[in-house]
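# Topology and contacts: notes
Chain by chain, the residues run as shown.
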Amino acid sequence: VQLVESGGGLVQAGGSLRLSCAASGRYPMGWFRQAPGKEREFVAAINWSGDSTDYADSVKDRFTISRDTAKSTMYLQMNSLKPEDTAAYYCAAGPTNYSGRTYRWESEYVYWGQGTQVTVSS
């Protein structure tokens, strides 16, 4: 399974960006991020069908995760961006096809993208 992220870039605080992750299969998926000098952290997750989602408290009410199964693509709509959202963002998929639940832990995911940089200026 190959994951390809896109959509990162530079944006001013308060602005918006939408990340995309193209992936084959019907895996539950998630977004993680890693800022310089920090550990990678959970951002959001979605089950295989898209009807169950989960968010980190730090992004709840600002970010929205979704997926289009017909296009085999997952999205992360990021609004009201803050400088502390600056990080490399990674999409992940796994562990099993057609799982109805969401996953928060890195170790639960099998496949990872290469990452896309998001930089929020103040």
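Here, every reference points to the structure presented above.
Notes on the structure in this doc start here. (Residues numbered from 1 in each chain as written. Predicted model: local features only at pLDDT ≥ 70, side-chain atom pairs only at ≥ 80, totals over all residues. Heavy atoms only, no water.)

### Some remarks on the sheet that holds strand β1 (residues 3-6)
For the record, the criterion: Only when DSSP finds a minimum of two bridges between them are two strands counted as paired. Put simply, DSSP H or I for four residues or longer makes a helix, DSSP E for two residues or longer makes a strand, and each gets a number counted from the N terminus. Here the axes come from fitting lines to C-alpha atoms, over the contacting stretch only for helices, and the angles between their N-to-C directions go from 0 to 180 degrees.
As summarised here, the arrangement of the 4 strands in space is β1-β3-β8-β7, forming an open sheet in which the pairing is antiparallel. Pairing within the sheet leaves two strands with one partner each, and these edge strands are β1 and β7 (63-68). Strand-to-strand, the axes of this sheet are offset by a mean angle of 15°, without reference to chain direction. Bridging between strand β3 (residues 17-23) and strand β8 (residues 73-78) involves 6 bridges; their strand directions are antiparallel. Looking at the pairing, L17 lines up with M78 of β8.

### Considerations on the packing of aromatic side chains
So the rule is basically this: Only rings of Phe, Tyr and Trp enter the pairing, Trp through its six-membered ring, and a pair is recorded when the two centres are within 6.5 Å. The plane angle decides the type: under 30 degrees is stacked, over 60 is edge-to-face, the rest tilted. Partly exposed residues are those whose accessible area sits between 20% and 50% of the maximum for their type, while under 20% is buried and over 50% is exposed, using a 1.4 Å probe and protein chains only. Lysine and arginine charges are scored as sitting over a ring when NZ or CZ, respectively, is within 6 Å of the ring centre and within 35 degrees of the ring normal.
Summed over the entire model, instances satisfying the criterion amount to 7 aromatic pairs. Note on W48 and Y98: the rings are 4.8 Å apart at their centroids and 75° apart in plane angle, and the pair reads as edge-to-face. Taken together, the positions of W48 in the loop between β5 (41-46) and β6 (53-55) and Y98 in the loop between β9 (87-93) and β10 (111-112) put the pair 50 residues apart, joining distant regions of the chain. Assessed through its relative accessible area of 26%, W48 is described here as partly exposed. Three or more aromatic residues link up through ring pairs in this structure, and these residues are F32, F42, Y103, Y109 and W112. Between the NZ or CZ atom of R40 and the centre of the ring of Y90, over which it lies, the distance is 4.9 Å. Directly above the aromatic system of W112 lies the positively charged group of R40, at a separation of 4.0 Å from the ring centroid.

### Section: unusual backbone geometry
The omega torsion of the bond from G94 to P95 falls at -5°, within 30 degrees of zero and hence cis. For P95, the position within the fold is in the loop between β9 and β10. One non-glycine residue, S80, lies in the positive phi region at around 50°.

### A closer look at the environment of V59
To keep things clear, this is the line we draw: Here, residues are in contact when the closest pair of their heavy atoms is within 4.5 Å.
Summarising the element assignment, V59 is placed in the loop between β6 and β7. Not counting residues up to four positions away in its chain, the partners in contact with V59 are R33 and V43.

### Structural notes on the nonpolar core
Defined as follows: As used here, the term nonpolar core means buried Ala, Val, Leu, Ile, Met, Phe, Trp, Tyr and Cys residues forming a set that is joined through side-chain atoms within 4.5 Å.
Core analysis: the biggest nonpolar cluster contains 34 residues, and W31, L76, M78 and Y89 have the highest contact counts within it. Breaking this core down by element, the ones donating at least two residues are β3, β4 (29-34), β5, β7, β8, β9 and β11 (116-121).

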